[in-house]
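Report on the structure
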Amino acid sequence: MISIIGFTAVWKYFRFSGTTLNRMSSFKRIAGPIVLILFVLTATCCNSEEEKIFPVERSITESVYSSVTVQPDSLYQAHAAVAGILEQNLLEEGDSVAKGTPILQIINSAPELNSRNARLNLELAMENFSGNNAVLTSLRDEILAAELQFKNDSINYFRQKNLWEQQIGSKLEYDNRKLAFELSASRLSVLKSSYERTRHELETKVRQAENNYQTSLISTEDFTVSSKINGTVYALYKNPGELVSTLEPVAAVGSSDKFVIEMLVDEVDIVKLQLGDQALITLDAYENTVFEAVVSKIYPRKDERSQTFKVEAVFKKPPEVLYPGLAGEGNIVVARKEKALIIPKAYLTANGQVRTEEGLKDIRTGLQSLDSIEIVSGIDAGTSILKPEE
């Protein structure tokens, strides 16, 4: 302002004094020194008006930044238990599934035939054990006949014995009755033992056949990949005819209506977090909308590649529509103070000091947000501070 006024005054002076030629000649001789003087005055004036501010008292919130990815709860990669060729996908991506619902089928001709043979062996074993033509039925009939024979021989023997004790009848007749009685008893005992042994053997064969059949069913089930939870099929990675390996996932299944927020937090900030901390989430799919969430899980293992820790949070009120993989940003609130002495971070020097009219001063800081920082001690609300010199 001074330079403009001074320059105007000089110009007016030469304009109204003497001839034009004389005025211009004189102006050239003194214009240079005058302009230099005015420039120095202007620079001095501007430097004396450096921008300064005063600390203000207001609330401050400290938060930890994280990247955000939305994923269904209980999301898992389904694998096949056996290798083979994919016969068909029984569901499509986006279909709802119940626990145990088959998702895809792998070709299993040999195991299926083995299962059928095992079922036939089981039916035969059960028929032998408890059917109308069972071996045990004939043995029971023989035992019944042997019991009747034993009863008859027993009556004849004891009748003949009583007569012989009274010296009635012959010794030969008595011996024959006794032998018949003993043979009947022995045969009945042998038949009962044979029955118990046969029954045990047949029962064992039924159990073995049943075990073989169940084993064959398990082998057959290995060729069918089923859902382990109630949810939604989010991805199918193989098409019919492709080779299925036990090392590669064949499908992705997760919850239908419950989603979690996966956040990656830098290792220098992870120690500040606690379960239950509030998180403010923004998603790229929902511009200008902030969603509240709560930290629900902190994974204790660090990812060595990204040098971050994984943290999970759940929405307090989730958006109406969510898809796996939605990305965004999050800020996890770790501290909040209502009345704090605040200055902009831009007014801190590289050494953590502030520049005042009296010189550099050491300060002690507290909470800090994205662009502000709390002053705990060193200056007060009446201290004017200047921007650090570049």
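What this report covers is the structure whose coordinates are included nearby.

Parameters and conventions
- Residues numbered from 1 in each chain as written.
- Predicted model: local features only at pLDDT ≥ 70, side-chain atom pairs only at ≥ 80, totals over all residues.
- Heavy atoms only, no water.
- Phe/Tyr/Trp six-rings, centres within 6.5 Å; stacked < 30°, edge-to-face > 60°.
- Helix = DSSP H or I, 4+ residues; strand = E, 2+ residues; numbered from the N terminus.
- Buried < 20%, exposed > 50% of the residue type's maximum accessible area, 1.4 Å probe, protein only.
- Pairing = 2+ DSSP bridges.
- Salt bridge = Lys/Arg side-chain N within 4 Å of Asp/Glu carboxyl O.
- Patch = residues over 30% accessible without salt bridge, like charges linked within 9 Å, V, L, I, M, F, W, Y side chains within 5 Å.
- Areas by Shrake-Rupley, 256 points an atom, 1.4 Å probe, with all protein chains shown as cover.

1. Here's the deal with the packing of aromatic side chains
Per the counting criterion, the structure on display carries seven aromatic pairs. Ring geometry for Phe291 versus Phe315: centroids 6.0 Å apart, planes at 80°, classification edge-to-face. With a gap of 24 residues between them, Phe291 in strand β13 (residues 286-303) and Phe315 in strand β14 (residues 308-315) connect regions that are remote in the sequence. For Phe291, a relative accessible area of 9% gives the class buried. Exposure remark for Phe315: the relative accessible area of 10% places this residue in the buried category. Put simply, the rings of Phe150, Tyr157, Phe158, Tyr174 and Phe181 touch in pairs and so form one group of aromatic residues.

2. Side note on the sheet that holds strand β5 (residues 96-97)
One key point about sheets: their strands pair by backbone hydrogen bonds, in either a parallel or an antiparallel sense. Read from one edge of the open sheet, four strands run β3-β10-β8-β5, paired in antiparallel fashion. The sheet is open, and its two borders are formed by β3 (76-79) and β5, each paired with just one other strand. When strand β8 (residues 231-236) meets strand β10 (residues 249-254), the two strands line up antiparallel, connected through four bridges. From the neighbouring strand, Thr232 faces β10, where its bridge partner is Gly254.

3. Some thoughts on the pattern of salt bridges
Using the criterion set out here, one finds 16 salt bridges in the structure. Here Glu147 makes a salt bridge to Lys192, at a shortest N to O gap of 4.0 Å. On the criterion of sequence distance, the pair formed by Glu147 in helix α4 (residues 135-165) and Lys192 in helix α5 (residues 171-221) is long-range, its members being 45 residues apart. You can call Lys192 partly exposed: its relative accessible area is 40%. Here Arg207 ties to Glu203 by a salt bridge, and the two come within 3.1 Å at their closest N and O atoms. Taken together, the residues Arg207 and Glu203, both in helix α5 and four residues apart, mark about one turn of the helix.

4. Overview of a nonpolar patch on the surface
Taken together, the side chains of Ile85, Ile107 and Leu243 make up a nonpolar region of the molecular surface, amounting to roughly 260 Å² of accessible area. The topology assignment puts Ile107 in the loop between β6 (102-106) and α3 (109-130).

5. Details of unusual backbone geometry
One non-glycine residue with positive phi stands out, namely Ser74, at about 60°. Structurally, the position occupied by Ser74 is in the loop between β2 (56-72) and β3. Overall, Ser74 belongs to the partly exposed group, its relative accessible area being 44%.

6. Observations regarding the sheet that holds β6
The antiparallel open sheet is built from four strands, whose spatial order is β7-β6-β4-β9. Looking at the sheet topology across the chains shown, the edges are occupied by β7 (224-226) and β9 (243-244). Two elements, strand β4 (residues 84-89) and β9, share two bridges in a ladder whose sense is antiparallel. The partner of Ile85 across the bridge, within β9, is Leu243.

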